[in-house]
Amino acid sequence: MKKHNFSAGPCILPQDVLNKASEAVRNFNGLDLSLIEISHRSADFVAVMEKARHLVLELMGIENKGYSVLFLQGGASLEFLMVPYNLMSIGGKAAYLDTGTWSSKAIKEAKLLGDVEVMASSKEANYNFIPRGYTVPTDVDYVHCTSNNTIFGTQMKEFPQTDAPLVCDMSSDIFSRQLDFSKFDLIYAGAQKNMGPAGTTLVVVRDEILGKTGRTIPSMLDYQVHISKDSMFNTPAVFPVYVSMLTLEWLKSLGGIKTIEKMNRDKAQLLYDEIDRNPLFKGAAKKEDRSDMNVTFLLTDQSKKGEFDHLWKEAGINGLNGHRSVGGYRASIYNAMPIESVQVLVDIMNKL
Ligand SMILES: Cc1ncc(COP(=O)(O)O)c(C=O)c1O
């Protein structure tokens, strides 16, 4: 039996993608060679990189709008540093919204290179909501936010209005919902949620915001260096890039972000309805800020914990334990999660 995989990341990927990826490891494009033993500069792999880049822009609806797409390494965590390196002027300042652990890690790195104004924070409430009504400063090099807070289960529905470049960490909800992507100047995301295996990071950047800081940037941290080499300044993570391309193809074949958004809404609704209906459970995040990707919830009666844990494990559910900073449970229901698996969980909650 295949498990119902609710892991937060790395996480579930479409079965069809896994099958194609396995075949490519054995025999890529009928070459009688593995994808992971050919040159990244071979025509076959260059075509993969080009296709992946093109699918990103196509799915986001931002083709021919002055954006470059990069597949880098170092995870989203390295972007916490690369963003200020590339956008913070010497003696400059940036504005950050502090909505969770990952935002605060991004803030820590940015402070290495300049002033950081934290526009608002929900830290005092253990990040169970998205701040509203804050003032966005105008004298900043860029504004940074995190669209989905993987650990706390909150998701931004509105984004800061600003004339400064808008930067967003979309690691845990990229390609999950329709957004006007042209409102963002730099988007980054570790692949290992909605895109592929860990090992590559997607960066989508508006070219015109780069090269303005007056800083000397180490080559590996310089977006312009990576753009000029089509993400092949050094050896790219060939397997994660290939699997990302397959996942993007899968998403396109489903009908793109519009279709997956509807499926994601339905899955989240099914689970939140049970959480709100069942007196044994309560949601961890404020209702209006709930995430459609990471559903965090708690038992109201701890004496039921043993029974509940036994039931979901017995049903083949994997990865449901909450992050230690929230406790309880977290059901990560990313793009590839079928609604049938969510129904299995809901049925168990109902039975408790
Ligand atoms: C929203 C968000 N940002 C950043 C990260 C860090 O990503 P990485 O492990 O790829 O550095 C994560 C990891 O879960 C995340 O969920």
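Each chain carries its own residue numbering, running from 1 in the direction its sequence is written. The predicted nature of this model means local features are confined to residues of pLDDT at least 70 and side-chain atom pairs, given and counted, to a pLDDT of 80 or more, with totals for whole chains, interfaces and linings taken over all residues. Each side-chain value is worked out from all heavy atoms of the structure, with water and hydrogens disregarded.

Undergrad: Could you give an account of the environment of Ala-237, naming the residues involved and the relevant values?
TA: Only DSSP runs of H or I with at least four residues qualify as helices, and only runs of E with at least two residues qualify as strands; both kinds are numbered from the N terminus onward. For Ala-237, the position within the fold is in the loop between α5 (223-228) and α6 (238-254). Exposure classes here rest on a 1.4 Å probe applied to the protein chains alone. A residue is buried below 20% of its type maximum, exposed above 50%, and partly exposed in between. Among the residues examined, Ala-237 registers a relative accessible area of 13% and is labelled buried. A sequence separation of 232 residues divides Ala-237 from Asn-5, and the C-alpha atoms of the two residues are 25 Å apart. Should any heavy atoms of two residues lie within 4.5 Å, those residues are counted as being in contact. When neighbours within four sequence positions are excluded, Ala-237 is seen to be in contact with Gln-73, Gly-199 and Thr-200.

Undergrad: Before we move on, could you go through the side chain of Arg-215 and cite the residues and values that matter?
TA: Among the structural elements, Arg-215 can be located in the loop between β10 (201-206) and α5. The positive count covers Lys and Arg only, the negative count covers Asp and Glu only, and His and the chain ends enter neither. What makes a salt bridge here is a side-chain nitrogen of Lys or Arg within 4 Å of a carboxyl oxygen of Asp or Glu, nothing more. Lacking a salt bridge, the buried Arg-215 has Asp-141 as its closest oppositely charged neighbour, with an N-O distance of 6.8 Å. Whenever a nitrogen or oxygen atom comes within 3.5 Å of another N or O atom, the pair is scored as a polar contact, on the condition that within protein one atom can donate a hydrogen and the other can accept it, and that pairs from neighbouring residues in sequence are kept only if both atoms are in side chains. At 3.5 Å, the side chain of Arg-215 and the backbone oxygen of Ser-89 are in polar contact. When near neighbours in sequence (up to four residues on either side) are disregarded, Arg-215 contacts Pro-84, Tyr-85, Met-88, Ser-89, Ile-90 and Leu-113.

Undergrad: I'd like a description of the pattern of salt bridges, backed by residues and values.
TA: In the structure shown here, the tally under the stated rule is 17 salt bridges. Among the salt bridges present, the one from Arg-132 reaches Asp-289, with a minimum N-O distance of 2.8 Å. Note that Arg-132 is positioned in the loop between β4 (115-121) and β5 (143-146) and Asp-289 in the loop between β11 (281-283) and β12 (294-299), a separation of 157 residues in sequence. When salt bridges that share partners are traced, they join Lys-93, Glu-117 and Asp-139 into one network.

Undergrad: Break down the packing of aromatic side chains for me, with residues and values.
TA: Only the six-membered ring of Trp is used, alongside the rings of Phe and Tyr, when aromatic pairs are assigned; centres must lie within 6.5 Å, and planes under 30 degrees apart are stacked while those over 60 apart are edge-to-face, with the rest tilted. One pass over the full model with this rule turns up ten aromatic pairs. Taken together, a centroid distance of 6.2 Å and an interplanar angle of 70° make the contact between Phe-80 and Tyr-188 edge-to-face. With Phe-80 in helix α3 (residues 75-87) and Tyr-188 in strand β9 (residues 186-190), this pair connects stretches of sequence that are 108 residues apart. By relative accessible area, Phe-80 is classed as buried at 3%. Two conditions define a charge sitting above a ring: the NZ of Lys or the CZ of Arg must be within 6 Å of the ring centre, and it must be within 35 degrees of the ring normal. Directly above the aromatic system of Trp-312 lies the positively charged group of Lys-313, at a separation of 5.2 Å from the ring centroid.

Undergrad: Report on the sheet that holds β5, specifying residues and quantitative values.
TA: What makes two strands pair is DSSP finding at least two bridges between them. Taken together, seven strands build an open sheet; the order of strands is β2-β10-β9-β8-β5-β3-β4 and the sheet is mixed. In this open sheet, the two strands that pair with only one neighbour each are β2 (67-72) and β4. Put simply, the sheet's adjacent strands are angled 15° from each other on average, direction ignored. Across four bridges, the pairing between β5 and strand β8 (residues 166-169) is parallel. Across the sheet, residue Cys-145 finds its bridge partner in β8, namely Cys-168. Note on definitions: angles span 0 to 180 degrees between N-to-C directions of axes, and those axes are lines fitted to C-alpha atoms, for helices only across the stretch in contact.

Undergrad: Residues and numbers for the layout of surface pockets, please.
TA: In this analysis, the protein atoms alone were mapped onto a 1 Å grid. Cavities are point sets where a 1.4 Å probe fits without being able to get out; pockets are open sets with protein on both sides within 12 Å along at least five of seven lines; lining residues have an atom within 4 Å of a point. Grid points are joined across faces, edges and corners, and a volume is the space filled by probe spheres set on the points. Volume-wise, the largest pocket comes out at about 270 Å³. In terms of residue count, α3 provides more of the lining of the largest pocket than any other element does, four residues in total. Gly is put with the polar residues, along with every residue not named as nonpolar or charged; the nonpolar set is Ala, Val, Leu, Ile, Met, Phe, Trp, Tyr, Cys and Pro, and the charged set is Asp, Glu, Lys and Arg. Across the lining of the largest pocket, the residue classes break down as five nonpolar, eleven polar and three charged.

Undergrad: Account for the sheet that holds β12, with residues named and values stated.
TA: Sheet strands line up and pair through hydrogen bonds in the backbone, either parallel or antiparallel. Pairing is antiparallel in the open sheet, where three strands are placed in the order β11-β12-β14. On the outer flanks of this sheet lie β11 and β14 (329-332), each paired with one strand and no other. On average, each strand axis in the sheet is inclined to that of its neighbour by 35°, with strand direction left out of account. Inspection of the sheet shows β12 paired to β14 by four bridges, in the antiparallel sense. In the strand pairing of β14, Asn-294 is matched with Ser-332. Seen against the sheet, helix α7 (residues 256-277) touches β11, β12 and β14 and runs at an angle of roughly 20° to β12.

Undergrad: Please provide a residue-by-residue account of the site of the ligand, values included.
TA: If a single non-hydrogen atom of a residue is within 4 Å of a molecule or strand, that residue counts as near it. If you check the shell around the ligand, you find 13 residues, and the closest are Ser-77, Thr-150, Asp-169, Gln-192 and Lys-193. Within the contact set of the ligand, an oxygen atom lies 3.0 Å away from a backbone nitrogen or oxygen of Ala-76. Interatomic distance of 2.5 Å between a side-chain N/O atom of Thr-150 and an oxygen atom of the ligand. In this description, accessible areas are obtained by the Shrake-Rupley approach with a 1.4 Å probe, and a residue is regarded as covered only by the protein chains that are shown. Notes on the ligand: free accessible area 400 Å², of which the protein chains cover 85%. More than half of a molecule's atoms within 2 Å of the grid points is what it takes for that molecule to sit in a cavity or pocket. Spatially, the ligand is embedded in the largest pocket. Counting residues per element, the shell around the ligand draws most heavily on α3, at four residues. Of the residues belonging to the shell around the ligand, the class tally is three nonpolar, eight polar and two charged.

Undergrad: Report on the environment of Ile-107, specifying residues and quantitative values.
TA: Along the chain, the position of Ile-107 falls in helix α4 (residues 101-110). Look at Ile-107 and you get buried, because its relative accessible area is 6%. Along the sequence, Ile-107 and Gly-199 sit 92 residues apart, while their C-alpha atoms lie 23 Å from each other. If sequence neighbours within four positions are ignored, Ile-107 has contacts with Tyr-96, Asp-98, Val-116 and Val-118.

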